[in-house]
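Residue-level structural notes
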Amino acid sequence: QVQLVESGGGLVQAGGSLRLSCAASGRARYNMGWFRQAPGKEREFVAAITWSGGNTDYVDSVKGRFTISRDNAKNTVYLQMNSLKPEDTAVYYCAAGAYGKAVSNYGAWGQGTQVTVSS
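For the structure given in this document, a descriptive report is provided here.

What counts and how
Residues numbered from 1 in each chain as written. Predicted model: local features only at pLDDT ≥ 70, side-chain atom pairs only at ≥ 80, totals over all residues. Heavy atoms only, no water. Buried < 20%, exposed > 50% of the residue type's maximum accessible area, 1.4 Å probe, protein only. Helix = DSSP H or I, 4+ residues; strand = E, 2+ residues; numbered from the N terminus. Pairing = 2+ DSSP bridges. Phe/Tyr/Trp six-rings, centres within 6.5 Å; stacked < 30°, edge-to-face > 60°. Lys NZ or Arg CZ within 6 Å of the ring centre and 35° of its normal. Disulfide = S-S within 2.5 Å.

Here strand β5 (residues 44–49) lies mainly inside the structure; 5 of its 6 residues are buried. The pairing of strand β4 (residues 31–37) with β5 spans 5 bridges and is antiparallel. Bridging from a neighbouring strand, Gly33 pairs with Ala48 of β5. In this antiparallel pair of consecutive strands, β4 and β5, the connection spans 6 residues, and Gly40 shows a positive phi of 75°. Turn length for the β5-strand β6 (residues 56–58) hairpin, with the two strands adjacent in sequence and antiparallel, is 6 residues, and the turn residue Gly53 shows positive phi of about 80°.

Moving on to the packing of aromatic side chains. Summed over all chains, the structure comprises 4 aromatic pairs. Aromatic pair Phe35 and Tyr106: ring centres 5.3 Å apart, planes at 75°, arrangement edge-to-face. In this pair, Phe35 sits in strand β4 while Tyr106 sits in strand β10 (residues 106–109), placing the two residues 71 residues apart along the sequence. On the basis of relative accessibility, which here comes to 0%, the residue Phe35 falls in the buried class. Each residue in the set Phe35, Phe45, Tyr106 and Trp109 is aromatic and connected to the rest through ring pairs, giving one cluster. Over the face of the ring belonging to Tyr93 we find Arg43, whose NZ or CZ atom lies 3.8 Å from the ring centre. Positioned over the ring face of Trp109 is Arg43, at 4.9 Å from the centre of the ring.

A word on the state of the cysteines. By definition, a disulfide links the sulfur atoms of two cysteines through a covalent bond. Within this structure, the stated rule accounts for 1 disulfide. One disulfide in the model links Cys22 with Cys94; its S-S distance is 2.1 Å. A torsion of 60° about the S-S bond marks the disulfide between Cys22 and Cys94 as right-handed. Separated by 72 residues along the polypeptide, Cys22 in strand β3 (residues 18–24) and Cys94 in strand β9 (residues 90–97) bring together distant segments of the chain. Residue class for Cys22 comes out buried when judged on its relative accessible area of 0%.

On their own, these measurements won't tell you what the molecule is for.
This is the structure in structure tokens:
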């Protein structure tokens, strides 16, 4: 199973930007997703991308602000987050597996990285 290592989380002021990275081991052609989980909330779909990058999807609340991309030569997936809002505060997880919006579509998960947006 693919192993995922995340980086890039941190503390940022509202309106600022962060870029999360997720490095995947191996050569498998996995579709990738980003999810987030705030305290007391269910794990929420954020964005997904196919292996080729030809298809992407986003939850409505981040459309126009977040961009998912990948560099397959580096086995790395990115989540560029702009115009951050306090409600974006959560632990962010990358995942590998079937393309989709459901947690159950993904079989491998990163350790999570904290994103905190202050007002």
